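Notes for the structure review
Residue-level listing of the chains:
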Amino acid sequence: MHDSDCLFCKIARGQIPSRKVYEDDEFFAFHDIRPAAPIHFLIVPKAHVASMAHVTEEHAPMLGRMLTLAPRLAAQEGCNPYPEGGFRLVVNTGTEGGQEVHHLHLHVLGGPRPWARG
Ligand code: AMP
Ligand code: ZN
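Attention in this report is confined to the structure presented alongside it. Predicted model, so just to flag it, every value in this text is computed and none were measured.

If you tally the helices and strands in the chain, you get two helices and five strands. Listing the helices and strands of the chain from first to last along the sequence gives α-β-β-β-α-β-β. Its C-alpha radius of gyration of 14 Å places the chain within 12% of the 13 Å reference for a compact globule of 118 residues. If you line up the chain on its principal axes, its C-alpha atoms span 40 × 30 × 30 Å. Classification of the 118 residues of the chain by burial places 39% in the buried group. Within the chain, counting contacts between residues at least 6 apart in sequence, those at least 24 apart form 56% of the total. Per element, the accessible surface of the chain, about 7,000 Å² overall, is 54% carbon and sulfur. Across the chain, 11 positive and 13 negative side-chain charges occur, with their mean positions spaced 7 Å apart.

Turning our eyes to something else, we now look at the site of ligand 1. Close contacts around ligand 1 come from 16 residues, with Asp-32, Asn-92, Glu-100, His-105 and His-107 the closest. Contacts to ligand 1 include Ile-33, whose backbone N or O atom sits 3.1 Å from a nitrogen atom. For ligand 1, an oxygen atom lies 2.8 Å from a polar atom in the side chain of Asn-92. Expressed as a share of its isolated accessible area of 510 Å², the protein-covered part of ligand 1 is 86%. The site holding ligand 1 turns out to be the largest pocket. The element contributing the most residues to the shell around ligand 1 is helix 1 (residues 7-12), with three residues. Its residues placed into classes, the shell around ligand 1 shows seven nonpolar, six polar and three charged.

Our focus in this paragraph is the coordination of the zinc ion (ligand 2). Distances from the zinc ion (ligand 2) to its protein donors, Cys-6 (SG), Cys-9 (SG), His-48 (ND1) and His-103 (ND1), fall within 2.0 to 2.3 Å. Relative to the metal, the four donor atoms surrounding the zinc ion (ligand 2) lie at angles of 104 to 116°, and the coordination shape comes out tetrahedral. Positions of the donor residues of the zinc ion (ligand 2) along the chain correspond to the pattern C-x2-C-x38-H-x54-H. Here Cys-6, found in the segment before helix 1, pairs with His-103, found in the loop between strand 4 (87-90) and strand 5 (106-110); they are 97 residues apart in sequence, far enough to count as distant. Overall, Cys-6 belongs to the buried group, its relative accessible area being 7%.

Rules and cut-offs
Residues numbered from 1 in each chain as written. Chains lettered and ligands numbered in written order. Predicted model: local features only at pLDDT ≥ 70, side-chain atom pairs only at ≥ 80, totals over all residues. Heavy atoms only, no water. Helix = DSSP H or I, 4+ residues; strand = E, 2+ residues; numbered from the N terminus. Rg over C-alpha atoms; globule rule 2.2 N^0.38 Å. Buried < 20%, exposed > 50% of the residue type's maximum accessible area, 1.4 Å probe, protein only. Contact = heavy atoms within 4.5 Å. Areas by Shrake-Rupley, 256 points an atom, 1.4 Å probe, with all protein chains shown as cover. Lys, Arg positive; Asp, Glu negative; His and termini not counted. Charge placed at Lys NZ, Arg CZ, Asp CG, Glu CD. Near = heavy atom within 4 Å. Polar contact = N/O pair within 3.5 Å; in protein donor to acceptor, adjacent residues only side chain to side chain. 1 Å grid on protein atoms, 1.4 Å probe; cavity = no way out; pocket = protein on both sides within 12 Å on 5 of 7 lines; lining within 4 Å. Sits in = over half its atoms within 2 Å of the grid points. Nonpolar A, V, L, I, M, F, W, Y, C, P; charged D, E, K, R; others polar. Donors = N, O, S within 2.8 Å, 3.2 Å for Na, K, Ca; no water. Tetrahedral: all angles 85-135°; square planar, octahedral: opposite > 155°, others 65-115°.

Below is the structure:
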């Protein structure tokens, strides 16, 4: 269910502090410590999944719920409405995909441009 050495498992369990955006039984969302945009938070499943390279058919409902959560939390955190506003969703996967923390997470970035990175 969780990996005791995993940073995002510890954050999701409240063992390492974070700036919480949202929590339910299945997901934990918190602000990225190094924001690349005016609004930048991460949505993580509480159950440890290492990356998008590890997902199987059994994860499909969870992934659907995680994606569905993104627009709701983007609006809650102040992303401007579509189409002039909007947000960017990113899932870095593996070393060549730019993944640094090996617990599946969805980056949600938004706010007025220019952004710090990208
Ligand atoms: P990734 O490169 O997709 O694995 O993204 C990992 C993200 O986690 C980076 O954007 C980091 O800034 C962020 N991060 C690392 N440690 C923490 C932390 N303790 N609290 C919040 N965000 C973090
Ligand atoms: Zn984990």
